[in-house]
Amino acid sequence: MKRILTLAALGLAMASPAFAGKVVVAANSAQGNLDKAGVQAIFLGRTTQVGGQPAVVVFQKGPVRAPFESGVVGRAGAQLTSHWSRLVFTGRAKAPEDLADDAAVKAKVASTPGAIGYISDDAVDASVKVLFDF
Amino acid sequence: MKSVLALGILAALAAASTSAQSVQITGFGQMVAGSVIDGTRSPTTGERSFPGTGYDSDWDFKDESLFAVQIRGDLNDQWSATAQIVARGREDFDPEFAWAYVGWNGGKGLSAKFGRQRIPLFRYSDFLEVGYAYPWLRPPHAVYNFQFSNYDGASLAYTFGTGSWFSTVSVIGGKHESTITLSGQPADQELNSLVGGSFETVYNDWLTLRAGYYQAEVVIDAQALNPLFATLRTNGFGNVARAIDFNDDGSFVGFGAEINHGNWLVISEFTKVQIDDSYYTDKDQFYITGGYRFGAWTPSFTYGTRDADAKTEIIGLLPNVAPLAPLRAAVSQVVFSDDLDAEYMSFGLRWDVSTNVALKADYTQYENKGPAAAEADSIAAGVVFTF
């Protein structure tokens, strides 16, 4: 029952007006700006390098997740997990990280070469470099 | 050899674990219950059975259940070591290394693996046991019917994208050894000089096309057949024994297509398998699955066929004279045991309970109209997960 409610809440979140966010890497990363296809390639595990480093893909559980998954990546929830399980359990990619919120993503991205994540607009600061707007 | 390889991978993982954060532990599994609810009973045991499973008329909770843990350690920017340990209910949850390899990622789309890995025969070979990765309760048995899935060796893959197309070419080489069940008795199996390759391309993230070719020298020591071979040889029919046994080249050709568009799902594969100079028939195997996603629910329907004609020319090698009638009968029984005119019809349902847990159910009707006629209906349901 609780899950059904959660799903319903997720549905509402998806239907609500776009929640703006940014795809970010460490401020000193060599990675240049990305277009939507470039972001998709990384978050679907097809591109395995970010700024010349092995990619560390960081998802997060905050409210920015739903608009990012359905609006940018093009796959959400179970379909995205299913997609990644095909990559991880065949060694084609390293398992992505799934962090709690904007702050955790920023800390991880700023301190890890090759890490790439997404955060909400108002969380952007000098520790990160913005590669894509959504 | 097996344990040396496994120990090597573990040592590499231990080395990687000394540097913080470079070891990842992930896993997956499923708990499934199943039963054969209707069908032909074996004349010898009086029991029902269902192809590809160990199910009978009773409910079984082990046969298709499994639990797997994967440990990956990054050795440096280019090299990593991965071990995937799977405990299958069918084998009393005895843990086994399904994958154990050292991987190299050369950048620019080039990568290689050395060690134990899957033989990428089918579209879903690589994630055969990762139930969360596919819509069915089990990959369709019409095509997924080999009693082996791994090899020890090397693979090289090149991945490249051009606009809307994203493609991977891979080649492998190595060897497989295992003990399979043939006519109810254990049989040591070797696939020597196993080589082959596949090409897979994805268009705009919704259409996947795949083709593969593999070959190997197939050697199987089938204990169940040894008494027959001995009789044939003592009577001067060593050539008949050689025409039946497994000691020659086998080949595999496979094509696959998958459409994942909007809420629609269509998956289809066709395979052709043959083993020269053996009673194993040349098989044409096919399935097609259609499904539709209603939110978290995905019902699907699968139709599959297996077609293969008994190699009756083997029986013709024995003169048709009265004293040889019993021997001809014994040879005929073996030859016709692999004649297939089989159909599968499955209704499947998947319910994504959360982003890493799904419930699945399956009802399959099987019928073989060949000389070894049989019918069976099975139902199975379970929970699959990843972490």
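Higher on the page you've got the structure.
Below you will find a few notes about this structure. (Residues numbered from 1 in each chain as written. Chains lettered and ligands numbered in written order. Predicted model: local features only at pLDDT ≥ 70, side-chain atom pairs only at ≥ 80, totals over all residues.)

Regarding the overall build of chain B
Argument step 1. Within chain B, the regular secondary structure consists of five helices and 16 strands.
Argument step 2. Relative to a compact globule of 387 residues, whose C-alpha radius of gyration would be 21 Å, chain B shows 22 Å and is just as compact.
Argument step 3. Projected onto the principal axes, the alpha-carbon positions of chain B cover approximately 75 × 45 × 40 Å.
Argument step 4. Residue burial in chain B is summarised as follows: out of 387 residues, 37% are buried.
Argument step 5. Expressed as a percentage of contacts within chain B between residues at least 6 apart in sequence, the contacts between residues at least 24 apart total 61%. (Helix = DSSP H or I, 4+ residues; strand = E, 2+ residues; numbered from the N terminus. Rg over C-alpha atoms; globule rule 2.2 N^0.38 Å. Buried ≥ 20, exposed ≤ 12 C-beta atoms within 10 Å, placed from the backbone. Contact = placed C-beta atoms within 7 Å.)

Let's talk about the overall build of chain A
Argument step 1. Helices and strands together make up the secondary structure of chain A, namely five helices and seven strands.
Argument step 2. Walking chain A from its N terminus toward its C terminus, one meets helices and strands in the order α-β-α-β-β-β-α-α-β-α-β-β.
Argument step 3. Classification of the 134 residues of chain A by burial places 40% in the buried group.
Argument step 4. Looking at chain A alone, contacts between residues at least 24 apart form 73% of all its contacts between residues at least 6 apart.

A word on the pairing of strand β6 (residues 115-120) of chain A
Residues and elements named next belong to chain A.
Argument step 1. The buried fraction of β6 amounts to six of the six residues, a majority that puts the element mostly inside the structure.
Argument step 2. Of the two faces of β6, the one lined by A115, G117 and I119 and the one lined by I116, Y118 and S120 are each fully buried.
Argument step 3. Sheet topology note: the strand β1 (residues 21-26)/β6 ladder contains five bridges and is antiparallel. When the sheet's bridge partners are listed, V24 is paired in β6 with G117.
Argument step 4. Examined bridge by bridge, strand β4 (residues 56-60) and β6 share two bridges and lie parallel to one another. Considered in β6, the bridge of V57 is made with I116. (Pairing = 2+ DSSP bridges.)

Digging into unusual backbone geometry
Excluding glycine, residues mostly carry a negative phi; peptide bonds, for their part, are mostly trans.
Residue and element names in this part refer to chain B.
Argument step 1. In the Ramachandran plot, D92 falls in the positive-phi region, its phi being about 55° despite a non-glycine side chain.
Argument step 2. Backbone geometry places D277, a non-glycine residue, at a positive phi of 50°.
Argument step 3. Mapping D277 onto the fold places it in the loop between β11 (264-275) and β12 (283-292).

Brief notes about the interface of chain B and chain A
Argument step 1. Listed as interface residues are 27 residues of chain B and, on the opposing side, 19 residues of chain A.
Argument step 2. Listing elements by their share of the side of chain B that touches chain A, those giving two or more residues are β1 (23-39), β2 (66-74), β3 (79-88), β4 (94-107) and β14 (340-354) of chain B.
Argument step 3. Taken together, the residues of the side of chain B that touches chain A break down into nine nonpolar, twelve polar and six charged. (Nonpolar A, V, L, I, M, F, W, Y, C, P; charged D, E, K, R; others polar.)

A look at the environment of B:I315
Residues and elements named next belong to chain B.
Argument step 1. Position of I315 among the secondary structure elements: in helix α4 (residues 313-316).
Argument step 2. With 18 C-beta atoms packed within 10 Å, I315 lands in the partly exposed category.
Argument step 3. In this structure, the C-alpha to C-alpha distance between I315 and V240, residues 75 residues apart in sequence, is 8.1 Å.
Argument step 4. Residues within four places of I315 in sequence aside, it is in contact with R328, V331, S332 and V335.

Brief notes about helix α3 (residues 65-73) of chain A
Argument step 1. Of the residues making up α3(A), those classed as buried are A:R65, A:A66, A:P67, A:F68, A:E69 and A:V73.
Argument step 2. Where α3(A) terminates, the next one or two residues include A:G74, which has phi positive at roughly 90°.

Some details on the sheet that holds strand β5 (residues 97-99) of chain A
All names here are of chain A.
Argument step 1. The strand order β5-β4-β6-β1-β7 describes an open sheet built from five strands, whose pairing is mixed. Every other strand in the sheet has two partners, leaving β5 and β7 (128-133) as the edge strands with one partner each. In this sheet, neighbouring strand axes are inclined to one another by 30° on average, regardless of whether the strands run parallel or antiparallel.
Argument step 2. Sheet analysis places β1 next to β7, joined by five bridges and oriented antiparallel. (Axes fitted to C-alpha atoms, helices over the stretch in contact; angles between N-to-C directions.)

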